[in-house]
Structure formats: structure tokens, C-alpha cells
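Here is how the chains run, residue by residue.
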Amino acid sequence: MARQLARGTGSFFKDCGCSRPTRCPHSYTIRFRNGLGKQVEESGFDTQDDAIERLTQIYAEKKRTALAVAADDLALGIAMTAGCGLRNGEARAVNVNNVVADDVYRVHEQVHSNTHRPAKLEHRKVGKFREVPLPRSVREAIERHEAKHGATREGYLPRGPSGYYTEPMERRRVRALFEKLSVVDGMGMYGFRHYFASNVLGSGIPITDVAEWMGHKSIEETYRTYRHLMPGSITKAARVLDAGLWDAA
């Protein structure tokens with residue numbers, strides 16, 4: 001049975017027909033869409049972690065390609081969603097004043113999809129915020145954008161005729177971008193947020209931290225969506241506990 005990762009990323013499976021495929025010795029195969037939209041398979045992965053790592057690598061390559069051809073404002077939005085895990089509306093509200101440390105970005109508003117104006121975050125009261133990791137590459141992207149295009153008096157970067165970079169503008173540019181790239185159906189801006197989750201969870205970052213950074217209402221939401229990215233945790237725990245029991249004996 002195939003295990004599907006975040007939409008647009010791909011899936012991994014065993015084609016052996018064993019009754020307990022997670023415990024049999026056969027290798028995993030991954031399935032994904034390449035840059036031309038063609039379905040591709042690669043096999044020979046010993047563990048689920050190996051398969052997921054390869055799928056994450058492939059998705060990262062797609063992300064880099066998108067960044068290379070996107071307009072500056074859209075490229076910055078992609079960097080904020082993939083590098084900091086922001087929602088689309090939060091990425092449209094990127095603000096130079098939210099860089100509170102070299103490696104910390106403070107998220108406290110979004111550009112609302114209906115009003116096209118800054119609004120409070122989802123699941124947060126007015127004035128409340130969350131802080132997320134700020135990779136050096138994303139911080140430098142913010143700095144380059146400000147140096148090239150300037151910022152509003154309030155510090156906002158991507159902007160349009162009304163002063164803010166809106167969802168309709170984003171949809172048009174994303175559609176044009178992905179038509180140019182000929183990527184798999186369903187790979188949109190939100191897929192880059194899934195890339196963030198895949199990257200950090202696949203690297204062993206605690207799910208409690210990831211849930212906070214992504215602004216989920218509860219950790220159950222994070223667990224339901226991204227449980228498959230931690231396939232090795234049960235096996236690892238069993239080994240640790242087994243070693244401890246033998247030591248005690």
C-alpha cells in the first residue's frame with residue numbers, strides 16, 4: 001500500500017505483496033512527478049526514512065527551480081512558506097520589522113484574503129504572535145528584496161497597487177509560474193509550507209515545536225497531517241526500550 005506524502009510531493013510503497021510490508025526485507029519504491037509532469041518511479045530504498053529523504057530532496061529541487069524563475073515578490077513568498085512554514089496570507093504580510101533576531105522571524109499578522117488588508121493570525125487573539133526559525137538564506141532574501149524594492153513606511157515588502165500583495169495577485173502569478181514550469185497538478189503555494197514541515201520533521205525536530213511554528217490550533221492537527229514523516233520513531237523507541245530492559249535484567 002502506498003503512503004502519500006504532502007500533496008505534490010509524492011508517495012512511497014513496497015511492491016512485494018507481503019502481509020506485513022513494514023517489517024519485510026524488501027526495498028521501497030518512490031513515485032513522483034518530474035518537472036515535465038511525467039510520473040516517475042525510483043526503487044531500492046532500504047527504509048521509509050530513505051524514501052522520504054529522497055522525496056524531500058526532489059521537492060527541494062522543484063522549489064529551487066520555482067524560485068529561480070519567479071518574480072521577486074512571488075519568490076520571496078515562496079521563501080517564507082518553504083523556509084519559515086508561513087501560511088500564504090502570512091507570507092504576503094512579510095515585514096522587515098518582524099526580523100527580531102538573526103535566526104528568528106515574528107509572525108503576528110496576515111494579509112486577509114477578503115479584505116486584502118493586514119489582520120490577526122488564525123487561532124490567535126489580536127496582538128498575539130508566534131516566532132519561527134529564520135534560515136540565513138531567507139533572511140538574506142528579505143534583505144535583498146528591501147534593498148532592491150524598498151519597503152512601505154510600516155515595513156511591508158511585497159505590495160501591489162493597494163499597498164499590499166493580495167491573494168488574487170498571488171493566484172495569477174502562481175498559475176503563470178507553474179504553467180511555465182509544467183509541474184504536477186496540485187503543486188501550489190501551500191505545497192511549499194508542506195515542504196517546510198517535511199524538512200524539519202524529517203530531521204528529527206520535535207512535533208510540538210513544529211506545531212507551534214506552523215500555527216496549528218492543536219498538536220493533533222500536526223500529527224494527523226504529518227505522522228507519516230516520522231515512520232522511524234516507533235522502531236527507534238522499541239530499540240531504546242529493549243536495550244534498557246536487557247540492561248535492567
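Residues numbered from 1 in each chain as written. Predicted model: local features only at pLDDT ≥ 70, side-chain atom pairs only at ≥ 80, totals over all residues. Heavy atoms only, no water.

(A) Just the overall build of the protein, in detail. In terms of regular secondary structure, the protein is built from nine helices and nine strands. For the protein, the proportion of its 249 residues judged to be buried stands at 44%. For the protein, restricting intrachain contacts to residue pairs at least 6 apart in sequence, the fraction spanning at least 24 positions comes to 52%. Carbon and sulfur atoms make up 49% of the accessible area of the protein, which totals about 13,500 Å². (Helix = DSSP H or I, 4+ residues; strand = E, 2+ residues; numbered from the N terminus. Buried < 20%, exposed > 50% of the residue type's maximum accessible area, 1.4 Å probe, protein only. Contact = heavy atoms within 4.5 Å. Areas by Shrake-Rupley, 256 points an atom, 1.4 Å probe, with all protein chains shown as cover.)

(B) Fine view of the nonpolar core. Formed by 25 residues in total, the largest nonpolar core has its most connected members in Met80, Leu86, Tyr105 and Ile142. For this core, the secondary-structure elements that each account for two or more residues are α2 (72-84), β6 (104-107), α4 (136-149), α6 (189-202) and α7 (207-214). Excluding anything up to four places from it in sequence, Tyr105 contacts Met80, Leu86, Ala93, Val94, Asn95, Asn98, Val99, Arg130, Glu131, Val132, Leu134 and Ile142. Counting residues in hydrophobic clusters, the runner-up holds 13 residues, among them Tyr59, Ala82, Phe178 and Tyr195. (Core = buried A, V, L, I, M, F, W, Y, C linked by side-chain atoms within 4.5 Å.)

(C) Summary view of the pattern of salt bridges. Under the counting rule described, the total for this entry stands at 11 salt bridges. The shortest N-O distance in the salt bridge between Glu42 and Arg54 comes to 2.9 Å. Note that Glu42 is positioned in strand β4 (residues 39-45) and Arg54 in helix α1 (residues 48-69), a separation of 12 residues in sequence. Note that Arg130 is salt-bridged to Glu90, the shortest N-O span being 2.7 Å. In this pair, Arg130 is assigned in strand β9 (residues 130-133) and Glu90 in helix α3 (residues 88-92), connecting sequence segments 40 residues apart. Classification of Arg130 by relative accessible area gives buried; the value is 1%. Given the relative accessible area of 1%, Glu90 is considered buried. Through salt bridges that share partners, Arg87, Glu90 and Arg130 make up one connected network. (Salt bridge = Lys/Arg side-chain N within 4 Å of Asp/Glu carboxyl O.)

(D) Focus on the sheet that holds β6. Spatially, three strands are ordered β5-β6-β9 in an open sheet, and the strand pairing comes out antiparallel. Sheet topology places β5 (99-101) and β9 at the edges, where each strand pairs with a single neighbour. Neighbouring strand axes in the sheet, compared pairwise and without regard to direction, differ in orientation by 40° on average. (Pairing = 2+ DSSP bridges. Axes fitted to C-alpha atoms, helices over the stretch in contact; angles between N-to-C directions.)

(E) The arrangement of the environment of Val100 in detail. With respect to the element layout, Val100 can be found in strand β5. The class of Val100 is partly exposed, set by a relative accessible area of 38%. Spatially, the C-alpha atoms of Val100 and Leu134 are 9.7 Å apart, while their sequence positions differ by 34 residues.

(F) Broad picture of the environment of Gly163. Considering the arrangement of structural elements, one finds Gly163 in the loop between α4 and α5 (167-181). When the C-alpha positions of Gly163 and Arg117 are compared, they lie 8.8 Å apart, and in sequence the two are 46 residues distant.

(G) Looking closely at the packing of α6 against α7. At a minimum axis separation of 10 Å, α6 and α7 run at an interaxial angle of 160°. It follows that α6 is roughly antiparallel to α7 by the angle criterion. Crossing geometry of α6 relative to α7 is assigned as right-handed. The segment α6 lies against α7, with Arg193, Phe196, Ala197, Val200 and Leu201 engaging Ile207, Val210, Trp213 and Met214. Among the residues forming the contact of α6 with α7, the class breakdown is eight nonpolar, no polar and one charged. (Parallel < 35°, antiparallel > 145°, perpendicular 65-115°, else oblique. Left-handed = near helix turned anticlockwise from the far one by under 90°. Nonpolar A, V, L, I, M, F, W, Y, C, P; charged D, E, K, R; others polar.)

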